[in-house]
Number of protein chains: 2
Amino acid sequence: MTVATHPQNIGIQAIEVYFPKKFVDQSELEKHDGVSSGKYTIGLGQEKMSFCDDREDIVSICLTVVQQFMQKYNVDYKQIGRLEVGTETIIDKSKSTKSFLMSLFAESGNHSVEGIDTTNACYGGTSALFNACQWMDSKAWDGRLALVVAGDIAVYASGNAQFPTVDGPLSVISYIRALDYAYLDYLKKLENAGVESPSLDSVDYLVFHSPYTKQVVKAFGRILFNDFLRNPTAPQYAEIYTQFSEETLESSYNNKLLEKAFINLSKSVFTAKTNTSLLAARNIGNMYTGSVFFGLASLISSVPSSELQGKRIALFSYGSGCAASIYSFKVVGDVSDIASKLDLVARLNDRICVTPSQFENIMSLRESTHNNAEYSPTGSVDELFPGTYHLTSIDSMYRRKYELS
Amino acid sequence: MTVATHPQNIGIQAIEVYFPKKFVDQSELEKHDGVSSGKYTIGLGQEKMSFCDDREDIVSICLTVVQQFMQKYNVDYKQIGRLEVGTETIIDKSKSTKSFLMSLFAESGNHSVEGIDTTNACYGGTSALFNACQWMDSKAWDGRLALVVAGDIAVYASGNAQFPTVDGPLSVISYIRALDYAYLDYLKKLENAGVESPSLDSVDYLVFHSPYTKQVVKAFGRILFNDFLRNPTAPQYAEIYTQFSEETLESSYNNKLLEKAFINLSKSVFTAKTNTSLLAARNIGNMYTGSVFFGLASLISSVPSSELQGKRIALFSYGSGCAASIYSFKVVGDVSDIASKLDLVARLNDRICVTPSQFENIMSLRESTHNNAEYSPTGSVDELFPGTYHLTSIDSMYRRKYELS
């Protein structure tokens, strides 16, 4: 047994990400779909959307990102004592995605790895991270590292029952309501930790779960509205005090004027504290449970390590259903190595742009063959990034085979 | 904030169980199915099998058991700081069962409850228990209690794709192989904790995940075979030493003679250390992730609290896919209150015996209506135990409504 010295600064030491190589341009998609110009690009705040073809499934993307992670950061599979996957993408009715990932550990002989899958819509990765940190902070810790995988294949329904049923308007209010209560709980925790009169000013960066980036703009405004309710006569609210002084959390969920006013009032703070974390979200689309961690990866990729030192980064994680948390941590030590290993901007630029028609064909194929037995995928392996695990066949017992490109 | 004093003896303080009120007798089922007499009762070691009708789903059974737990042990919903559900029963493609359970907390105003669902076949509950203990043992703990729910509706396929695909023979060997490695890891941990020459003698009770009780008899024999491999010349193995001295773990998975010999050799120890934990398994059938905890509940219900004091109870949890652990704890303090609140024997005797034909009709109805939208269940509410949450309707958006009987 490794004798485990109690660790200091339990947190995130390294990050790797996966996204599909193919994307469809959102303004092209607006034309193709015959919707008003700006509906996706301005209305939703999305520029590009990456998507998976039939070579990719939740197992292949998790295999790829774990293998790349271990290789890039030169971590031995024997060093991992906990592996937990947050996902809402169901590929097998019983087996965890974590179990599939254990095939990567076979050669090392390390079969003693705690953790399985954890699920509540887009919240799974956050719960997995909490569990990993708590494991490391408990007597159960054996001195080894924990690896947290947050992954999903995000697809919205187009008239079939395969995908989660989404009630759009309810879903948006649910997100905002969960944000309100998570923020109030978070402020209490800051207070308990000795922060005086906690508010948005207490955090340097605020990273949100992003179904689409416009929702994050609204959420940021909502945080300011929460601060306003706690301290309405502060000078920064002078212009809008009279208009909204009677409002409460519950009265305001459908108040579009209020929403707009707080978005406007929060614009410059939004740019400083949140905008850089939306790089991946704008360019990839919704990533479900991975979304908030892509936000963190975007932030680390956009702000120099020196500038991040000692800064408090807060994350808002939200999963429909619902479960939500705001939590924060401080940056201690150089993160430029993570930024250079992520190489996010270059990798985003190295993708293949496909036309909306091609996109639709690939999605139809996925939809009609999803969950098929005895299936051989037809997607071109050349259209995957090098080093990508991809599906080669599904047999009559639904057993999937993968190869490394 | 509650100032949390670091807790001693983190563990299980209280247990409640749920099982359906209807059962089918296994010898009756043998006749009805036209199989040889003893196939289910002796071959699988099963006496009775409880089963759910269309009033029961994973949400209704978890709502019931949580509500009964809180009431019996007089726990306030405000006292709970963590709630985690281990299950492999999918009712919603995104939302966790934990989220459904939060409706019970609404009245108390406690919405700050960490934890979601955790999944790997029958292993989920064990992971949930580990997570809860580690939470309590970490700085994240806020002084409140953790509640772990392990629940499933166990149904085997009868020629349709609704249920997990099971490769029987592979599954049995996989269970035994996982047991071997979990046991070896466990012995190492005992050694690290200062136990000299650890073996089956080091534990007082050994509780197994039970797909059917005959599998547990075999598993117990296998544990003795592991001990034999570590110390083959010990006097207790004198009779069989010559016959099996060349065997290894890998060579022996299909050796029926060896299996039989170690079952015979372990008979009296099995009776002392494991048999009492099979009370529920024999009378209810497979309970998937709840199985091993029903084993613990059976043990507490069968052995007087005074006799259990200071005893080491080991649990073997296994989930296909696979994930497995052996872990143990010691009994500290009186558990007679748990036994009397469980009232297991009386509750098992209070069930309704239905004929194999009625059983088949109810299963067919479940199968044909499972996952239906706009469905109103038809099962008789009188055939549920009092205080059972049951499904009253599913609307066109798949939203389920429940009532308390």
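Residues numbered from 1 in each chain as written. Chains lettered and ligands numbered in written order. Predicted model: local features only at pLDDT ≥ 70, side-chain atom pairs only at ≥ 80, totals over all residues. Heavy atoms only, no water.

### Some remarks on the pattern of salt bridges
Residue and element names in this part refer to chain A. All chains considered together, the criterion is met by 33 salt bridges over all chains. One salt bridge connects R400 with D57, and the closest N-O pair in it is separated by 2.7 Å. Of this pair, R400 sits in strand β11 (residues 400-404) while D57 sits in the loop between β2 (48-50) and α3 (58-72), placing them 343 residues apart in sequence. Among the charged side chains, a network of salt bridges with common partners joins E16, K72 and R347. (Salt bridge = Lys/Arg side-chain N within 4 Å of Asp/Glu carboxyl O. Helix = DSSP H or I, 4+ residues; strand = E, 2+ residues; numbered from the N terminus.)

### Quick notes on the environment of E259 of chain A
Residue and element names in this part refer to chain A. Take E259: it is sitting in helix α9 (residues 256-265). On the basis of relative accessible area, E259 is assigned to the partly exposed category, the value being 22%. Each C-alpha atom of the pair E259 and G221 lies 6.8 Å from the other, and the pair is 38 residues apart in sequence. (Buried < 20%, exposed > 50% of the residue type's maximum accessible area, 1.4 Å probe, protein only.)

### Structural notes on the pairing of strand β10 (residues 389-394) of chain A
Residues and elements named next belong to chain A. Two elements, β10 and β11, share 5 bridges in a ladder whose sense is antiparallel. Bridging from a neighbouring strand, I394 pairs with R400 of β11. The loop that links β10 with its antiparallel partner β11 comprises 5 residues; one of these, Y398, has a positive phi angle of about 70°. (Pairing = 2+ DSSP bridges.)

### Side note on empty space enclosed by the protein
Residue and element names in this part refer to chain B. The final tally for this structure, using the stated rule, is 3 cavities of 30 Å³ or more. In this model, the largest cavity occupies a volume close to 340 Å³. Counted as a void, the second largest cavity has a volume near 40 Å³. What lines the second largest cavity is simply V207, F208, S210, S277, L278, A280, A281, M287, S291, F294 and G295. Among the elements of the structure, β6 (205-208), α11 (279-284) and α12 (291-302) are those that each provide at least two residues to the lining of the second largest cavity. Take the lining of the second largest cavity: its biggest share by element is 3 residues, from α12. For the lining of the second largest cavity, the class distribution of residues is 7 nonpolar, 4 polar and no charged. (1 Å grid on protein atoms, 1.4 Å probe; cavity = no way out; pocket = protein on both sides within 12 Å on 5 of 7 lines; lining within 4 Å. Points joined across faces, edges and corners; volume = space filled by probe spheres on them. Nonpolar A, V, L, I, M, F, W, Y, C, P; charged D, E, K, R; others polar.)

### Describing helix α5 (residues 124-136) of chain A
All names here are of chain A. Taking 1.5 Å per residue, 13 residues should reach 18 Å; α5 reaches 19 Å between its end C-alpha atoms and fits that length. Burial analysis of α5 places 12 of its 13 residues in the buried class, the great majority of the element. Taken residue by residue, α5 has G124, G125, T126, S127, A128, L129, F130, N131, A132, Q134, W135 and M136 as its buried positions. (Expected span 1.5 Å × (residues − 1).)

### Examining unusual backbone geometry
All names here are of chain A. The peptide bond linking G321 to C322 adopts the cis configuration, its omega dihedral lying at 5°. Relative to the helices and strands, C322 is located in the loop between β7 (312-319) and β8 (323-330). Unlike most non-glycine residues, D343 shows phi in positive territory, near 50°. Relative to the elements of secondary structure, D343 occurs in the loop between α14 (336-342) and α15 (344-349). We classify D343 as partly exposed; its relative accessible area is 38%. One non-glycine residue with positive phi stands out, namely Y398, at about 70°.

### Brief notes about the domain arrangement of chain A
All names here are of chain A. The domain boundaries assigned to chain A delineate domain 1 (22-153 + 351-404) and domain 2 (168-342). Taken over C-alpha atoms, the centre of domain 1 sits 26 Å from the centre of domain 2. Contacts between the two partners involve 28 residues from domain 1 and, on the opposite side, 28 residues from domain 2. Summing the contributions of domain 1 and of domain 2, the shared interface buries around 2200 Å²; its carbon and sulfur component is 54%. (Domains from an automatic or database assignment. Contact = heavy atoms within 4.5 Å. Buried area = accessible area lost by both parts, 1.4 Å probe.)

### Comments concerning the sheet that holds β6 of chain B
Think of a sheet as strands paired side by side through backbone hydrogen bonds, with each pair either parallel or antiparallel. All names here are of chain B. The 3 strands lie next to each other as β6-β7-β8, forming an open sheet whose pairing is mixed. Across the chains shown, the open sheet's two edge strands, defined by having one partner strand only, are β6 and β8 (323-330). The mean inter-strand angle of the sheet, taken between neighbouring strand axes irrespective of direction, is 15°. Running at roughly 140° to strand β7 (residues 312-319), helix α6 (residues 168-192) makes contact with β6, β7 and β8 of the sheet. (Axes fitted to C-alpha atoms, helices over the stretch in contact; angles between N-to-C directions.)

### So, the packing of aromatic side chains
Residue and element names in this part refer to chain A. Under the criterion given, the structure shown has 34 aromatic pairs over all chains. A ring pair is formed by Y327 and F329, whose centres lie 6.4 Å apart and whose planes are at 50°; its orientation type is tilted. Given a relative accessible area of 12%, Y327 falls into the buried group. For F329, a relative accessible area of 26% corresponds to the partly exposed category. Taken together, the aromatic side chains of Y175, F208, F220, F270, F316 and Y318 make up a single cluster linked through ring pairs. Note that K95 overlies the ring of F100, its terminal NZ or CZ placed 4.1 Å from the centroid. (Phe/Tyr/Trp six-rings, centres within 6.5 Å; stacked < 30°, edge-to-face > 60°. Lys NZ or Arg CZ within 6 Å of the ring centre and 35° of its normal.)

### Observations concerning the pairing of β8 of chain A
All names here are of chain A. The sheet contact formed by β7 and β8 spans 8 bridges and is antiparallel. Within β8, the position partnered with Y318 by the bridge is A324. Connecting β7 to the antiparallel partner β8 that follows it, the hairpin turn spans 3 residues, and G321 within it adopts a positive phi of roughly 135°.

### Remarks on the packing of helix α1 (residues 26-33) of chain A against helix α16 (residues 356-369) of chain A
Residue and element names in this part refer to chain A. In contact at an axis separation of 9 Å, α1 and α16 are set at 80° when each is read in the N-to-C sense. The pairing of α1 with α16 is recorded here as roughly perpendicular in orientation. Here E28, L29, H32 and D33 of α1 lie close against α16, whose contacting residues are P356, S357, F359 and E360. Among the residues making up the contact of α1 with α16, the classes are represented as 3 nonpolar, 2 polar and 3 charged. (Parallel < 35°, antiparallel > 145°, perpendicular 65-115°, else oblique.)

### Here's the deal with the interface of chain A and chain B
Facing the 46 residues of chain A at the interface are 46 residues of chain B. Here chain A meets chain B over a buried area of about 3700 Å², counting both sides, of which 48% is carbon and sulfur. Along the contact surface separating chain A from chain B lie 2 salt bridges. With a closest N to O distance of 3.0 Å, D137 of chain A and K139 of chain B form a salt bridge. Summed over the shared surface of chain A and chain B, the result is 20 residue pairs in polar contact (both at pLDDT 80 or more). Listed by contribution, the elements that provide at least two residues to the side of chain A that touches chain B are β3 (80-86), β4 (117-119), α5 and α6 (168-192) of chain A. The biggest single contributor to the side of chain A that touches chain B is α5 of chain A, with 6 residues. Split by residue class, the side of chain A that touches chain B holds 15 nonpolar, 19 polar and 12 charged. (Polar contact = N/O pair within 3.5 Å; in protein donor to acceptor, adjacent residues only side chain to side chain.)

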